[in-house]
Amino acid sequence: MDRIMPNRLDRGFYKYQSEYENKALEVLRSGWYVLGHEVSSFEEEFASYTGAKYCAGLASGLDALWIAFRILGIGSGDEVIVQGNTYIASVMGITINGATPVFVEPDEYFNIDTSKIEEKITSKTKAVLVVHLYGQASDMTSVVELCRKYDLCLVEDCAQSHGARWNGQQVGTFGDIGCFSFYPSKNLGAFGDAGAIVTNSKEIADEVKVFRNYGSEKRYHNKVVGANSRLDEIQAGFLRVKLSHLDELAEEKKRICERYSEELNNEKIVLPKTRDGATHIWHQYVIKSDYRDELISYLDEQGIGTIIHYPIPPHLSEAYSYLGLKEGSLPITEKYAKTVLSIPLYNGMTEEEQDYIIEKINRF
Ligand SMILES: *Cc1c(COP(=O)(O)O)cnc(C)c1O
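In this text the structure is predicted, and so the values were computed from the model without any measurement.

Engineer: Sorry if this is basic, but what is going on with the site of the ligand here?
Structural biologist: By nearness alone, 13 residues border the ligand, and Gly 61, Asp 157, Gln 160, Ser 181 and Lys 186 come closest of all. For the ligand, an oxygen atom lies 2.8 Å from a polar atom in the backbone of Leu 62. Between Asp 157 and the ligand, the recorded distance is 2.7 Å, taken from a side-chain N or O atom to a nitrogen atom. Protein chains shield 91% of the accessible area of the ligand, which is 380 Å² for the free molecule. Counting residues per element, the ones that place at least two in the shell around the ligand are helix H4 (61–71) and helix H5 (88–95). No other element matches the three residues that H4 contributes to the shell around the ligand. Considered class by class, the residues forming the shell around the ligand number six nonpolar, five polar and two charged.

In structure tokens, the structure reads:
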């Protein structure tokens, strides 16, 4: 058996190879490469997929986050509540505008522990950023209630959760803005960088579309100091192809993960759980183990690659040393950083590969 990598993006490409190749040629031959038919069609299709009224394509998931907070007017002197155990880009989306992240510990589903949000709200709190981590929707009922009660903006980081639902409603549509990344490894991934926001507010959608293009609605008429964060036509075209297959891709990942959950059986390992009312789109299959580092070396010797999402929590990273948060300030977040492990998971995984992974993990 060849070495099994944590992810295999080539397998995803070959599944629909001719559709992607035809789309690439179509865009190349069209002579129109930025903000055209593919982008506007993708925006309509993705809005409709999520159930949001509007979508604006952007250049990355990080851009979606910081532009969301910029448009909401959240910056210097403001606080934004976010879970401690997220990917650092969520936090950068807050701090690029000068706002301060206030970290909340995660629950046993790796999402924000909603019972610990209220105690962190101060007169400076302007928003809550909910990250639906690893693909599972968070408990949005309590977050929506809190945001109403304290008049806070609600932004969702859906970079890992395209299509996940809470009580039947898709993530990204519960608050003011839903932010998506289409980085190649995400469940809806392009073949390069790409991102988007979704919203039910026409005003916000229009402002984002102006902001992403140097603040101009009409060429050379600049209303605000914006950015260049346009989604490429060729990436939008690829995303349209992938979106048309997203449900079957999600179904395949779900089958793989259900098999993991049924057949993995080792007392040194804790398997991931799904909350009642939430769906999980399995961006990652994340297990926990007190013997995590030994497990990594053992699997590596057996030819199985794994990844830690994430080994250094944002509050302990060098980039955020200025916040002055010491080790021990977020014990659950820090414990997760020491015990979580993502095992191989991708569309196009063979049964033989999965048999091998299950057998080796069970023997550890
Ligand atoms: C990938 C990711 C981002 C950033 O997306 P990019 O497209 O890489 O900029 C933000 N938040 C989370 C949770 C992510 O997983």
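Here the narrative resumes, following the displayed structure.
Engineer: How should the packing of H4 against H5 be read in this particular structure?
Structural biologist: Each packed pair of helices is defined by two parameters, the angle between the axes and the distance between the axes. Their axes nearest at 7 Å, the elements H4 and H5 cross at an angle of 30°. Comparing their axes, H5 and H4 come out roughly parallel. For the crossing formed where H4 meets H5, the hand is right-handed. Between H4 and H5, the residues in contact are Leu 62, Leu 65, Trp 66 and Phe 69 and Ala 89, Ser 90, Met 92, Gly 93 and Ile 94, respectively. Of the residues assigned to the contact of H4 with H5, the class counts are seven nonpolar, two polar and no charged.

Engineer: So what exactly am I meant to see when it comes to the pattern of salt bridges here?
Structural biologist: When the charged atoms of two side chains lie near each other, side chains of opposite charge can form a pair. As enumerated under the stated definition, the model contains 24 salt bridges in all. Note that Glu 118 is salt-bridged to Lys 149, the shortest N-O span being 2.9 Å. With Glu 118 in the loop between strand E3 (100–104) and strand E4 (125–131) and Lys 149 in helix H6 (residues 140–149), this residue pair connects regions lying 31 residues apart in the sequence. Lys 149 sits in the exposed class, given a relative accessible area of 58%. Overlapping salt bridges bring together Lys 23, Glu 26, Glu 38, Glu 45 and Arg 240 as one network.

Engineer: Would you explain the domain arrangement of the protein chain in this entry?
Structural biologist: It is common to give the size of an interface as the accessible area lost on bringing the parts into contact. We note that the domain assignment places domain 1 (10–243) and domain 2 (246–363) within the protein chain. At the junction of the two partners, domain 1 supplies 42 residues and domain 2 supplies 42 residues. Together domain 1 and domain 2 conceal approximately 3,700 Å² of surface at their shared face, both sides included; 58% is due to carbon and sulfur atoms. Applying the counting rule to domain 1 against domain 2 returns four salt bridges. Salt-bridge contacts for Glu 353 lead to Arg 11; the nearest nitrogen and oxygen are separated by 2.8 Å. At the junction of domain 1 with domain 2, the criterion picks out 27 residue pairs in polar contact (both at pLDDT 80 or more). Contributing elements (two or more residues each) for the side of domain 1 that touches domain 2: helix H1 (9–15), H5, E3, strand E6 (165–166) and helix H8 (233–243). Among the elements that line the side of domain 1 that touches domain 2, the one with the most residues is H5, at four residues. Among the residues forming the side of domain 1 that touches domain 2, the class breakdown is 17 nonpolar, 15 polar and 10 charged.

Definitions and cut-offs
- Residues numbered from 1 in each chain as written.
- Predicted model: local features only at pLDDT ≥ 70, side-chain atom pairs only at ≥ 80, totals over all residues.
- Heavy atoms only, no water.
- Near = heavy atom within 4 Å.
- Polar contact = N/O pair within 3.5 Å; in protein donor to acceptor, adjacent residues only side chain to side chain.
- Areas by Shrake-Rupley, 256 points an atom, 1.4 Å probe, with all protein chains shown as cover.
- Helix = DSSP H or I, 4+ residues; strand = E, 2+ residues; numbered from the N terminus.
- Nonpolar A, V, L, I, M, F, W, Y, C, P; charged D, E, K, R; others polar.
- Axes fitted to C-alpha atoms, helices over the stretch in contact; angles between N-to-C directions.
- Parallel < 35°, antiparallel > 145°, perpendicular 65-115°, else oblique.
- Left-handed = near helix turned anticlockwise from the far one by under 90°.
- Contact = heavy atoms within 4.5 Å.
- Salt bridge = Lys/Arg side-chain N within 4 Å of Asp/Glu carboxyl O.
- Buried < 20%, exposed > 50% of the residue type's maximum accessible area, 1.4 Å probe, protein only.
- Domains from an automatic or database assignment.
- Buried area = accessible area lost by both parts, 1.4 Å probe.

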